Amino acid sequence: MFSRNHRSRVTVARGSALEMEFKRGRFRLSLFCDQPEDTELQRKLDHEIRMREGACKLLAACSQREQTLEATKSLLVCNSRILSYMGELQRRKEAQVLGKTSRRPSDSRLPAERTPCRGRVCISDLRIPLMWKDTEYFKNKGDLHRWAVFLLLQLEEQIQDTEMILVDRTLTDISFQNNVLFTEAGPDFELRLELYGACVDEEGALAGAPKRLATKLSSSLGRSSGKRVRASLDSAAGSASSTILLPTPAVGGPRYHLLAHTTLTLAAVQDGFRTHDLTLASHEENPAWLPLYGSVCCRLAAQPLCMTQPTASGTLRVQQAGELQNGAQVYGVLKGTNLFCYHRPEDADTGEDPLLTIAINKETRVRAGEPDQAPGRPLTLSISNQYGDDEVTHTLQTETREALQNWMEALWQLFFDMSQWKQCCDEVMKIETPAPRKPPQALAKQGSLYHEMGE
């Protein structure tokens, strides 16, 4: 345990430093943040620390089973986010220090390494089938147990969670209704899904706590003293008007267990419903064991930014092969796998139909004009597509050499993004914005916890 005024400093690789404070019961990580994105991550870390403090207070004040389960779940999610943000801050600082020490003066003249664009990843229609015994599901025999389950999803340092669902043998699968959206992802993303569960007795998660504690006290205090403590606790438990005064733990409540997990990558992205294998992490002797079938069904979609946002725009003169005139002057917008040619710049903002659309895909060939061409000659690049046995070529003419270089760079970047995001660049996948999370129905009926605390 740390004391209230205890402070420790941990030195990390190559001079990066973390300052850890434990002050007034609160753990705080401070990193020397000299990047705006690091400051934003530190702000998120501070927010989760405050949320964790609130979850601990709520857990200590909970009197209903559903409230206790929700508070424990919130505490688990906050802890996971805090550890994730701390690790990401340290990783960024180490990368920054290593980059400074390994950089040579001559490196400034080298071209920057090309990196793929970022994107959004959304997982929806999550279902986990259950495998009950015939006697439990069809004949409805045996004790009726209930489980509280939820999914924890992590992509890089981002952590999301689903709603908590109560499961018993009357259900054939666990169905999570809400979509989970990650707004920052690269094509090499790894989306980890973890299913957590806690067994819920019919009497409630809190009902069995005094008896379990009494058993531990009776065995640890000795035979004679233990019998007296056990007898007093049993008599108090048998009286409805009696109250057992037990020491309040720092963090109490039910315990969630990891039941299963899997990791999804870009290969799992498909504009449709797919089934993926689950790795079971629990056995039948585990108190939170749930008869899982061993698979998860979901829809995993991804939207690279190059498919949804313009990557280049400007004035062009377009000429198709075989035309004698110099071509029409248009306003070109490179977005997704198309080069849209509008009559005026404002037409692109108002949603007007383009005058011409030039396809840009993995089979498209792009060639720039001669770099040493004579002054005064048009600066051009050609885009060629194969349609069956016919090849269609469009020649684009720019006003300046800088504009030509910008268009060429945008096209090469698009080809690189398509090679990294693969099937996600075939067409724009539909991603629905997740609806605001609704409060649990059971909690809504019970009223505010703060009203109960004031009574």
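From a predicted model like this one, the values you see are computed outputs, not experimental measurements. (Residues numbered from 1 in each chain as written. Predicted model: local features only at pLDDT ≥ 70, side-chain atom pairs only at ≥ 80, totals over all residues. Heavy atoms only, no water.)

**Student:** What is the right way to read the overall build of the protein from this model?
**Tutor:** Along its length, the protein carries 10 helices and 21 strands. The buried share of the protein, reckoned over its 455 residues, is 40%. For the protein, contacts bridging at least 24 residues in sequence account for 65% of all contacts bridging at least 6. Accessible area of the protein: about 26900 Å², with a carbon and sulfur share of 50%. (Helix = DSSP H or I, 4+ residues; strand = E, 2+ residues; numbered from the N terminus. Buried < 20%, exposed > 50% of the residue type's maximum accessible area, 1.4 Å probe, protein only. Contact = heavy atoms within 4.5 Å. Areas by Shrake-Rupley, 256 points an atom, 1.4 Å probe, with all protein chains shown as cover.)

**Student:** Looking at this structure, I do not really get the side chain of Ser295. What am I missing?
**Tutor:** Mapped onto the secondary structure, Ser295 falls in strand β14 (residues 295-304). Ser295 has contacts with Ile128, Pro129, Thr275, His276, Asp277 and Leu278, leaving out every residue within four places of it along the chain.

**Student:** Just to check I follow, could you spell out the sheet that holds strand β21 (residues 390-398) for this structure?
**Tutor:** Note: strands within a sheet are paired through backbone hydrogen bonds, in either parallel or antiparallel orientation. With antiparallel pairing, seven strands are arranged side by side in an open sheet as β18-β17-β16-β15-β21-β20-β19. Lying at the two open borders of the sheet, with one neighbouring strand each, are β18 (356-359) and β19 (365-368). The sheet shows a mean angle of 35 degrees between the axes of neighbouring strands, direction not considered. Bridging between strand β20 (residues 379-387) and β21 involves nine bridges; their strand directions are antiparallel. From the neighbouring strand, Ser384 faces β21, where its bridge partner is Thr393. (Pairing = 2+ DSSP bridges. Axes fitted to C-alpha atoms, helices over the stretch in contact; angles between N-to-C directions.)

**Student:** Help me out: how do you make sense of the pattern of salt bridges in this one?
**Tutor:** One side chain can pair with another of opposite charge once the charged atoms of both are near each other. Considering all chains together, one arrives at 18 salt bridges under this definition. We note a salt bridge from Arg118 to Glu184, for which the minimum N-O separation is 3.2 Å. A residue pair is termed long-range when its members are at least 10 positions apart, and Arg118 in the loop between α2 (65-102) and β4 (119-129) and Glu184 in strand β9 (residues 180-185) qualify at 66 residues. Exposure remark for Arg118: the relative accessible area of 29% places this residue in the partly exposed category. In the salt-bridge network here, residues are joined through shared partners; they are Glu48, Lys73, Arg81 and Asp161. (Salt bridge = Lys/Arg side-chain N within 4 Å of Asp/Glu carboxyl O.)

**Student:** So what exactly am I meant to see when it comes to the pairing of strand β8 (residues 173-176) here?
**Tutor:** A regular strand places its side chains so that they alternate between the two faces of the sheet. Of the two faces of β8, only one is covered, namely that formed by Ile174 and Phe176; the face formed by Asp173 and Ser175 stays uncovered. Pairing between β4 and β8: four bridges, direction antiparallel. Following the sheet pairing, Pro129 is matched in β8 by Asp173.

**Student:** Would you take a moment to explain the packing of aromatic side chains for this structure?
**Tutor:** For any pair of aromatic rings, the description rests on two quantities: the centre-to-centre distance and the angle between the ring planes. As enumerated under the stated definition, the model contains five aromatic pairs in all. Here Phe150 and Tyr196 contribute two aromatic rings whose centre-to-centre distance is 5.7 Å and whose plane-to-plane angle is 20 degrees, an arrangement assigned as stacked. Placement of Phe150 in strand β5 (residues 146-155) and of Tyr196 in strand β10 (residues 191-200) is noted, with a sequence separation of 46 residues between them. Taken as a pair, Phe150 and Tyr196 share a single burial class, namely buried. With a centroid separation of 5.1 Å and an interplanar angle of 85 degrees, the aromatic rings of Phe150 and Tyr256 are classed as edge-to-face. Of the two residues, Phe150 sits in strand β5 while Tyr256 sits in the loop between α5 (223-238) and β11 (257-264), which places them 106 residues apart along the sequence. For Tyr256, a relative accessible area of 8% translates into the label buried. (Phe/Tyr/Trp six-rings, centres within 6.5 Å; stacked < 30°, edge-to-face > 60°.)

**Student:** How should the state of the cysteines be read in this particular structure?
**Tutor:** On inspection of all chains with the given rule, the structure shows zero disulfides. Just so you know, Cys298 is unpaired, no disulfide at all, and the nearest cysteine sulfur is the one on Cys297, 7.7 Å from it. Since its relative accessible area comes to 1%, Cys298 is described here as buried. (Disulfide = S-S within 2.5 Å.)

**Student:** Honestly, the confidence of the model for the protein in this entry has me stumped. Any pointers?
**Tutor:** The predicted coordinates of low-pLDDT regions are not to be read in fine detail. Mean pLDDT over the protein works out to 78, with 68% of the residues at or above the 70 mark. No element of the protein has a lower mean pLDDT than strand β1 (residues 7-11), at 34, and none a higher one than β14, at 97. Under a pLDDT of 50 for its full length, residues 202-222 has, in the predicted model, 24 contacts with residues more than four places off or in other chains. Considering only residues more than four positions removed or in separate chains, one finds that residues 442-455, a stretch of pLDDT under 50, has 17 contacts. (pLDDT = per-residue confidence, 0-100.)

**Student:** Looking at this structure, how should I read the nonpolar core?
**Tutor:** Soluble globular proteins tend to bury their nonpolar side chains together. In terms of nonpolar packing, the biggest core is built from 69 residues, with Ile123, Ile174 and Leu191 touching the most fellow members. Here this core takes nine residues from helix α8 (residues 401-421), the largest share from any one element. Two domains share this core, each providing at least three of its residues, namely domain 2 (117-200 + 253-308) and domain 3 (310-425). (Core = buried A, V, L, I, M, F, W, Y, C linked by side-chain atoms within 4.5 Å. Domains from an automatic or database assignment.)

**Student:** Please clarify how unusual backbone geometry should be interpreted in this entry.
**Tutor:** The phi torsion of most residues other than glycine is negative, and most of the peptide bonds are trans. Although it is not a glycine, Glu156 sits at a positive phi angle of roughly 55 degrees. Mapped onto the elements, Glu156 comes out in the loop between β5 and β6 (158-161). Here the phi dihedral of Lys422 falls at roughly 50 degrees; this positive angle occurs in a residue that is not glycine. The topology assignment puts Lys422 in the loop between α8 and α9 (441-446).

**Student:** Whenever I open this one, the environment of Arg43 confuses me. Can you help?
**Tutor:** As for its placement among the helices and strands, Arg43 is situated in helix α1 (residues 36-61). Judged by relative accessible area, which is 46%, Arg43 ranks as partly exposed.

**Student:** Mind showing me how you'd approach α8 here?
**Tutor:** One full turn of an α-helix is made of 3.6 residues, so residues set three or four places apart face in the same direction. Helix length check: α8, at 21 residues, gives a terminal C-alpha distance of 30 Å against a target of 30 Å (1.5 Å per residue), a fit within 8%. Every buried residue of α8 is accounted for by Leu404, Trp407, Met408, Ala410, Leu411, Leu414, Phe415, Asp417, Met418 and Trp421. Positive backbone phi, at 50 degrees, marks Lys422, one or two positions downstream of α8. (Expected span 1.5 Å × (residues − 1).)

**Student:** Would you take a moment to explain the environment of Arg52 for this structure?
**Tutor:** Considering the arrangement of structural elements, one finds Arg52 in helix α1. The exposure class assigned to Arg52 is partly exposed, which follows from its relative accessible area of 31%. Remark: the alpha-carbon pair of Arg52 and Ala71, spanning 19 residues in sequence, is separated by 9.8 Å. At a separation of 2.6 Å, a polar atom in the side chain of Arg52 contacts the side chain of Asn79. (Polar contact = N/O pair within 3.5 Å; in protein donor to acceptor, adjacent residues only side chain to side chain.)

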